[in-house]
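Each chain is listed here by its residues.
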Amino acid sequence: MITPVLLCGGSGTRLWPLSRKSYPKQFSPLIGQESLFQASAKRLHGDAYTNPLVVTANDFRFIVTEQLADTGIDPGAILIEPSPRDTGPAVLAAAVHLAQKDTDTLMLVAPSDHVVPDTAAFQTAVDAAVPAARSGQLVTFGITPDRPETGYGYLELAQEPGDGSGPVALSGFIEKPNVERATEMMAEGRFLWNAGIFLFSVKSILSAFAEYQPEMLAAVQNAVAGAHPDLGFVRLAQDAWEQSPKISIDYAVMEKAKNLSVVPFGAGWSDLGDWASVWRETAENGLSLTGAATAIDCENSMLRSETEGQAIVGIGLEDIIAVAMPDAVLVAHKDRAQDVKKAVDELKGKDAPQAQAFPKAHRPWGWYESLAIGDRFQVKRIVVHPGAALSLQSHHHRAEHWIVVEGTAKVTIDEEVQLVSENQSVYIPLGAVHRMENPGKVAMVLIEVQTGSYLGEDDIIRYEDVYARDQVT
C-alpha cells in the first residue's frame with residue numbers, strides 16, 4: 001500500500017484575485033466543479049493507496065476536512081504546521097509521523113494544486129516507480145515538456161528516457177532557464193519539467209535527511225514527538241518546529257542525494273502557476289469563458305466571472321486575462337501573467353484587504369460574506385452546514401438582526417432558545433450571549449444585519465465552541 005502525502009499550505013499569489021492567503025488556489029474549482037485539492041485526493045485514491053496524509057496550515061484545517069468529506073475520502077492524518085516552512089520540513093514531518101508505525105511504508109508526495117487529467121496514466125507511472133522506491137531509490141516524476149517553458153525547473157536525465165515506461169537515472173537539477181536555453185533543452189530530449197512529485201520509502205527519505213540535514217531532522221522529530229491531538233488533527237509542536245529552516249525538499253536533500261531516479265510522464269500535467277496556464281488548460285478555440293462571461297470579437301483571451309449574477313463582457317480583446325470577483329477585478333496581458341504577484345505586493349503596501357482576504361470567509365460551521373458595509377452597519381449572508389453550530393458568544397459594540405431565508409435556525413439568546421424558520425427574524429441585543437445552530441439536514445441561510453460603533457470580527461467574547469477555537473477563526 002502507498003500512502004499519499006498531500007501538501008496544501010501554499011498561497012498561490014499568481015492566481016489572484018481568486019487565490020488569496022486566506023483561501024488559496026488548491027481549494028478553488030479552477031477547472032471543473034471540484035477543487036484542485038479534491039481532484040488530487042481522488043487521483044491518489046484506490047486499491048493500491050491508503051487514506052491520504054495531509055500537511056496543511058491551521059487556517060485551512062476545516063476546509064481540508066470539509067472538502068475531503070465531499071469526495072467521500074477519509075484522511076489518514078492531518079498534520080498542522082505551526083508556521084510555513086516550505087516543502088522540506090513538511091515532507092519530513094509526514095515521514096517522521098509515518099515512521100511511528102512502519103518505516104517500510106512508501107510515501108507518494110504530491111502538491112495539491114496540480115492538474116493531471118489522465119488519472120489512470122498517472123497511477124500507471126506510479127506503479128512503474130514502485131520497484132525502484134522499494135529498493136531504496138528516491139524517485140521523482142518528470143514531465144515531458146511540450147513547449148520551452150521558463151517558469152519551471154528542469155530535471156536532467158543521465159540518458160534518453162526511451163519508451164518512458166520506467167525509472168531513469170537522474171543527472172541533476174536545472175534552475176528555471178531563459179527561453180533560449182529552454183528551447184535547446186527541449187530539442188535535446190534529456191530534460192523534463194520538475195513536477196515536485198516524489199515516491200520513496202519512509203526509511204529512505206529519513207536516511208537522506210539524516211545525512212544531509214541532521215539538524216532539521218532533529219527539529220522535526222521533536223515537533224512530531226511533541227505534537228498533540230486537536231479534534232482529530234495533529235498539531236506539531238511550535239517551538240521545535242520553529243527550529244527548522246524554511247527550505248524546499250529539492251534544496252534540502254534531493255539536489256545532494258545520489259540515489260535518485262526519474263519516471264518520465266507525458267500524459268498531461270500543469271501546476272496552474274498563473275492565469276496563462278489556466279487559460280491554456282481551459283481554452284476552446286482560443287477563448288476561456290467562465291461564469292456569466294461574454295466575448296465579442298475576442299482572441300486568445302480569458303474572461304472569468306466568479307460572482308453569481310455578475311456579467312463580464314469583452315469586446316475586441318486579444319491576449320487578455322480578465323477575472324472579476326465581488327471585491328476585485330484583474331485585467332492583464334496574458335504575457336504578463338507571472339507579474340500578478342506584483343499586484344498583490346502593491347495592494348499589501350496599501351493595506352488593501354483584497355490583497356489577502358477572500359470575500360467569502362470560510363469557517364468550520366460554514367461560511368459568510370459581506371454584502372454591504374457602512375460606518376455603523378454591515379450586512380452579511382451566512383450559510384451554516386447541517387448539524388453545525390456557531391460558538392456561544394457575545395459582542396461589546398454591536399447588535400444583530402437575523403433573517404432566515406432558507407432552512408431553520410435554532411437560536412439561543414441568553415436563557416431563551418427558539419426555532420426561527422424561513423421568513424422569520426430575531427433580534428440580538430448588544431451584549432446578549434447568543435448562538436446560532438442548524439438543526440436540519442439542509443444548509444441554513446440567513447441575512448445578518450449588524451449595527452453598532454465597531455463591526456470588526458475580533459469583537460467576540462467566546463464562551464463555548466464545539467470546534468475548540470480560541471481565536472476569531
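Scope of this entry: the structure provided in the associated data block. (Residues numbered from 1 in each chain as written. Predicted model: local features only at pLDDT ≥ 70, side-chain atom pairs only at ≥ 80, totals over all residues. Heavy atoms only, no water.)

1. Description of the overall build of the chain
The test is simple: By definition, any uninterrupted DSSP run of H or I lasting at least four residues is a helix, any uninterrupted run of E lasting at least two residues is a strand, and each is numbered from the N terminus. Accessibility here uses a 1.4 Å probe with only protein chains present; expressed as a share of the type maximum, an area under 20% marks a residue as buried, one over 50% as exposed, and anything in between as partly exposed. Any two residues having at least one pair of non-hydrogen atoms within 4.5 Å are treated as being in contact. By the counting rule applied here, Lys and Arg register as positive and Asp and Glu as negative, while His and the ends of each chain are not counted. Each charge is placed at NZ for Lys, CZ for Arg, CG for Asp and CD for Glu.
Along the chain, the regular secondary structure elements total 11 helices and 28 strands. Taken along its principal axes, the extent of the C-alpha atoms in the chain is 75 × 60 × 40 Å. Across the 473 residues of the chain, 50% fall into the buried class. Within the chain, counting contacts between residues at least 6 apart in sequence, those at least 24 apart form 68% of the total. One way to put it: in the chain the 38 positive side-chain charges average out to a point 3 Å from where the 61 negative ones average out.

2. What about unusual backbone geometry?
Note that the residue after Trp16, namely Pro17, is joined by a cis bond; omega there is 10 degrees. Of note in this structure, Asp297 is not a glycine but carries a positive phi near 55 degrees. One can find Asp297 in the loop between β13 (293-296) and β14 (301-305). Positive phi values are uncommon outside glycine, yet Asn300 reaches one of about 45 degrees. Note that Asn300 resides in the loop between β13 and β14. Accessibility expressed as a relative area gives 29% for Asn300, which makes it partly exposed.

3. Digging into the sheet that holds strand β19 (residues 366-373)
Filter applied, for reference: Strand pairing is assigned whenever DSSP detects at least two bridges linking the two strands. For helices, the axis comes from a line fit to the C-alpha atoms of the stretch in contact; other axes are also lines fit to C-alpha atoms, and the angle between any two N-to-C directions lies between 0 and 180 degrees.
Ordered by their spatial adjacency, six strands build an open sheet running β18-β19-β20-β27-β22-β25, and the pairing between neighbours is antiparallel. The two strands at the open ends of the sheet, each matched to only one other strand, are β18 (360-363) and β25 (425-428). Each adjacent strand pair in this sheet contributes to an overall mean axis angle of 20 degrees, direction not counted. Relative to strand β27 (residues 444-452), strand β22 (residues 398-406) runs antiparallel, the two sharing eight bridges. Bridged to Trp402 within β27 is Glu448.

4. Topic: the pairing of strand β3 (residues 77-81)
Two faces belong to every sheet, and in a regular strand the side chains alternate between them. Quick reminder of the rule: Handedness of a crossover is defined as follows: with both strands directed away from the viewer, a clockwise route from the first strand across the helix to the second makes it right-handed.
Most of β3 sits inside the fold, with five of its five residues counted as buried. In β3, alternate side chains face the same way, and those of Ala77, Leu79 and Glu81 on one face and Ile78 and Ile80 on the other are all buried. Alignment of strand β2 (residues 53-57) against β3, held across five bridges, turns out to be parallel. Its bridge partner lying in β3, Val55 is registered against Leu79. The handedness of the β2 to β3 crossover, carried by helix α2 (residues 61-71), is right-handed. With two bridges joining them, β3 and strand β10 (residues 233-235) adopt parallel strand pairing. Across the sheet, the residue bridging to Ile80 is Arg235, located in β10.

5. Quick look at the nonpolar core
To keep it simple, the criterion reads: Among buried residues, the Ala, Val, Leu, Ile, Met, Phe, Trp, Tyr and Cys ones that are joined through side-chain atoms within 4.5 Å form a nonpolar core.
Ranked by internal contacts, the top residues of the largest apolar core, which has 88 residues, are Leu108, Phe141, Leu199 and Trp275. Looking at which element gives the most residues to this core, the answer is helix α4 (residues 119-134), with seven residues. Other than its neighbours up to four places away in sequence, Phe141 contacts Leu108, Ala125, Val126, Ala129, Leu155, Trp193, Ala195, Ile197, Phe198, Leu199, Val262 and Val263.

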